[in-house]
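Here is how the chains run, residue by residue.
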Amino acid sequence: MAYTPEEEQELNEIKAWWKENYKVLIASIVVAFAGVFGWNYWQSYQANKIQQTSVFYEQAIYSSQDFATKSAQIDQFVQAHNKTSYAVLALLEKAKLEVEKEEFAQAEQSLKQALAQSSDQTLSSISALRLASVQFQQQAFDAALESLQLVKEASWDSRKSLLTGDILLAKGDKIAAKASYEQALQNASALEAQWLQVRLNNL
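Residues numbered from 1 in each chain as written. Predicted model: local features only at pLDDT ≥ 70, side-chain atom pairs only at ≥ 80, totals over all residues. Heavy atoms only, no water.

To be explicit about the condition: UniProt positions are given in the numbering used here, feature names are shortened, and annotations may be inferred rather than shown by experiment.
Going by what an unreviewed UniProt entry lists, the protein is known as Ancillary SecYEG translocon subunit and is assigned to Pasteurella oralis. Note on the protein: under the UniProt heading Subcellular location (unreviewed entry), the record states "Cell membrane". According to the UniProt record, the Sequence similarities (unreviewed entry) comment for the protein is "Belongs to the YfgM family."

Below you can see the structure in the form of structure tokens.
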């Protein structure tokens, strides 16, 4: 079947366009496929990395019941997984063990390290709240109040105000302590409300 002059012209234009652009078009297709493959590979790599980190975390936390061994394992894990949420969680666990042994100075250092490792607001708030509690135990009242300023997550506001009240009361400022307890009551859970009411009744 013969082409009309218009069809011949269109065909020639298509051939000319293809001759000029086929390399770019093929390269674009290759890059697109490479991008999809690369993204899938990256996603798979990240998932495997997270799974491996989770396994290493479990080993560091649960493989030994001996305090010294577990502390050393956690230190090694944190060094190997610097600036990750798992490192923060491991340090929180280490600080918990240290508090149970009443090694408050060591717990304070672990919690400061957890804060330095964290890029997550929730984990940072938990670390700061626990740090303030440990500093309160050591009667470092001003340092504890400073640490509480690092608690940014709103869900911890009630606990933050409760601990602030305890610290202010320990410093002898009953008026400020009462104000903090009353503020804490606004969003307190049922259990927290009981603690707060006892404190308010004892003022």
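From this point, the discussion proceeds with the structure in view.
**Remarks on unusual backbone geometry**
Most peptide bonds are trans, and most residues other than glycine sit at a negative phi. Spelled out, the test is: Starting at the N terminus, helices and strands are each numbered in turn, a helix being any DSSP run of H or I of at least four residues and a strand any DSSP run of E of at least two.
Unusually for a residue other than glycine, Glu102 sits at a positive phi of about 60°. If you trace the backbone, Glu102 turns up in the loop between helix 3 (85–100) and helix 4 (104–117).

**Quick look at the pattern of salt bridges**
The condition is simple: Salt bridge, as applied in this entry: a Lys or Arg side-chain nitrogen positioned within 4 Å of an Asp or Glu carboxyl oxygen. Burial classification: accessible surface area is computed with a 1.4 Å probe over protein chains only, and a residue below 20% of its type maximum counts as buried, one above 50% as exposed, and the rest as partly exposed.
Inspection of the entire model under this criterion finds four salt bridges. In this structure, the salt-bridge partner of Glu108 is Lys112, at a minimum N-O distance of 3.4 Å. With Glu108 and Lys112 both in helix 4, this residue pair falls four residues apart, about one helical turn. You can call Glu108 buried: its relative accessible area is 13%. In this structure, Lys171 engages Asp142 in a salt bridge whose closest nitrogen and oxygen atoms are separated by 2.7 Å. Placement of the pair is Lys171 in the loop between helix 7 (157–170) and helix 8 (174–185) and Asp142 in helix 6 (residues 141–148), with a sequence separation of 29 residues. Accessibility expressed as a relative area gives 43% for Lys171, which makes it partly exposed. For Asp142, a relative accessible area of 49% corresponds to the partly exposed category.

**Overview of the packing of helix 8 against helix 9 (residues 190–202)**
The cut-off we apply is this: Orientation is described by axes fitted as lines to C-alpha atoms, over the contacting stretch for helices, and by angles from 0 to 180 degrees between their N-to-C directions. Any angle between 65 and 115 degrees counts as roughly perpendicular, while under 35 counts as roughly parallel, over 145 as roughly antiparallel, and the rest as oblique. Left-handed describes a crossing in which the near helix is turned anticlockwise from the far one by less than a right angle; the clockwise case is right-handed. Contacts are assigned to residue pairs that have any heavy atoms within 4.5 Å of one another.
Where helix 8 meets helix 9, the axes come as close as 10 Å, and the angle between the chain directions of the two elements is 155°. Compared by their axis directions, helix 8 and helix 9 come out roughly antiparallel. The two elements helix 8 and helix 9 cross, and the hand of that crossing is left-handed. Here Lys178, Tyr181, Glu182, Ala184 and Leu185 of helix 8 come into contact with helix 9, specifically with Ala193, Leu196, Gln197, Arg199 and Leu200.

**A short note on helix 8**
The test is simple: To estimate how far a helix should extend, the number of its residues minus one is multiplied by 1.5 Å. Of all possible arcs, the one meant is that of the directions from the helix axis to the C-beta atoms.
Counted at 1.5 Å a residue, the expected span for helix 8 with its twelve residues is 16 Å, and the 16 Å between its end C-alpha atoms agrees. Burial in helix 8 covers these residues: Ala177, Ser180, Tyr181 and Ala184. Along helix 8, the residues classed as buried sweep out an arc of 100° about the axis, all on the same side. Tucked into the core, helix 8 has its buried residues touching helix 7 and helix 9.

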